[in-house]
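What follows is each chain in one-letter form.
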Amino acid sequence: MTGDTAPSETLNAWSPWMRDTRKRLRRLLAAGDAGRLPPRVQRLLAAHPFLALARDTQAPPPDLSRTWLLSGGRGAGKTRAGAEWVRWAVLQAGYRRVALVGPTFSDVREVMIEGPSGLIPLAAQRADRPLWQPSRQRLEWQNGAVAYGFSAEDPEALRGPQFDLAWCDEAGAWAKGEAVWTNLQLALRLGHKPLSLVTTTPRATPLIRKLMADPLVAQTRTATAENAAHLAPGFVGAMIEAYGCTVIGRQELDGEMIDDPPGALFPRALIEAGRVEAAPLNLEDCILAVDPSVSSKPGADACGIILAGSLEGKAYVLGDASAPGLSPMDWAQRAASLAEIGGASCILAEAN
């Protein structure tokens, strides 16, 4: 297939991944009847053995129109599913320009490309193995398909390039998730049916909430225990014993998004119930509060910067300039600017 594959051909190219087809493949393979399969199917299985091994949650959903969100626990097989999905797309479905987006460049290379379940080690045949060009952060297959690596720390890098496919790994840990996602969606403009896959252990970030609330996003979820056969003996049992029935277990083992952390003073439902269309104009007082982060390094806690006012015993949050990765000079400038815009009477900062 070529990059000019027609829409109907693109759709048919994914048909071997349908549940009934894979179920029949597994049944014939278990019975030792692989010889009854058509030669084309035997060739596909030789190049893509995962076709018969994948669980239903690891296979592309039949209702996939643009975005697939695969959320799951640690070690649940999300990376393998993502890499196999990309391999099929470029080798069988005619996709030619792929964006690989991870939390950092190191994650893209060490997990998505060269990791045990990455794109290079999974190549079943030498002809299917892409060439890694580290200086260009680029993979190239013999059929001309290319994949470029991007760090979620740099949303602006996605301005300019264009793609027909994207694999986004651990989006719940992206430092600048919404900005990266927006630029990526604008770049997914090639081909007859641009597609994206998000593989992540879910966290209650704005991006993950947005994806889970979108009815057009096809979703599957898989737990760590479902992949126990491919993990170290006793690992799943030990993790369940240590974290089963806890919030961290529900998130990190079951792949469930936990929206409110334990002991939260202000649950999200309470915040949503308190929203108003506009704050009063005649506030009694208005202040700006700052909770500086200890570090500005990637992955550090965000610096909290909130503008709030009060009237007749009720408080109104008027502005939020919180952000991760801010140096003391950066957050001070943000705080001063928001305080000036909002007419704050003072700035209160917590001392670390």
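Above this text sits the structure in question.
The shown structure was predicted, so the numbers you read here are calculated from the model rather than taken from an experiment. (Residues numbered from 1 in each chain as written. Predicted model: local features only at pLDDT ≥ 70, side-chain atom pairs only at ≥ 80, totals over all residues. Heavy atoms only, no water.)

> Tell me about the side chain of Asp169, and please be specific about residues and values.
Within the fold, Asp169 resides in strand β6 (residues 165–169). Of the side chains bearing the opposite charge, Lys78 lies closest to the buried Asp169, which forms no salt bridge; the N-O distance is 6.6 Å. Apart from the residues within four sequence positions on either side, Asp169 is in contact with Thr79, Val101, Gly102, Pro103, Val111, Met112, Trp174 and Thr199. (Helix = DSSP H or I, 4+ residues; strand = E, 2+ residues; numbered from the N terminus. Buried < 20%, exposed > 50% of the residue type's maximum accessible area, 1.4 Å probe, protein only. Lys, Arg positive; Asp, Glu negative; His and termini not counted. Salt bridge = Lys/Arg side-chain N within 4 Å of Asp/Glu carboxyl O. Contact = heavy atoms within 4.5 Å.)

> I'd like to hear about the pattern of salt bridges, residue by residue, with values.
Applying the stated criterion across every chain yields a total of ten salt bridges. For Arg55, the salt bridge identified is with Glu226, shortest N-O distance 3.5 Å. With a gap of 171 residues between them, Arg55 in the loop between α4 (50–53) and β1 (67–72) and Glu226 in the loop between β8 (217–222) and α9 (235–243) connect regions that are remote in the sequence. Taking the relative accessible area as the measure of exposure, Glu226 reaches 41% and is therefore partly exposed. Where Arg159 meets Glu156, a salt bridge forms, and the shortest distance between an N and an O atom there is 2.6 Å.

> Which residues make up unusual backbone geometry, and what are the values?
Excluding glycine, residues mostly carry a negative phi; peptide bonds, for their part, are mostly trans. In this model, Gln137 sits at a positive phi of 50 degrees, which is unusual for a non-glycine residue. Positive phi, close to 50 degrees, is recorded for Glu312, a residue that is not glycine. In this fold, Glu312 is placed in the loop between β10 (304–311) and β11 (314–320). Residue classification places Glu312 among the exposed residues on the basis of a relative accessible area of 69%.

> Could you give an account of the sheet that holds strand β12 (residues 346–349), with specific residues and numbers?
Spatially, four strands are ordered β11-β10-β9-β12 in an open sheet, and the strand pairing comes out mixed. Every other strand in the sheet has two partners, leaving β11 and β12 as the edge strands with one partner each. Pairs of neighbouring strands in the sheet enclose a mean axial angle of 30 degrees, with direction left out of account. Across seven bridges, strand β9 (residues 285–291) lies against β10 in antiparallel orientation. Among the inter-strand pairings, Leu288 is bridged to a residue of β10, identified as Leu307. (Pairing = 2+ DSSP bridges. Axes fitted to C-alpha atoms, helices over the stretch in contact; angles between N-to-C directions.)

> Describe in detail the environment of Val98, supporting the description with residues and values.
Within the secondary structure, Val98 is located in strand β2 (residues 97–102). Val98 sits in the buried class, given a relative accessible area of 0%. Sequence separation between Val98 and Tyr148 is 50 residues, and the spatial gap between their C-alpha atoms is 6.3 Å. Excluding residues within four positions of it along the chain, Val98 makes contact with Val86, Val90, Val146, Ala147, Tyr148, Phe163 and Leu165.

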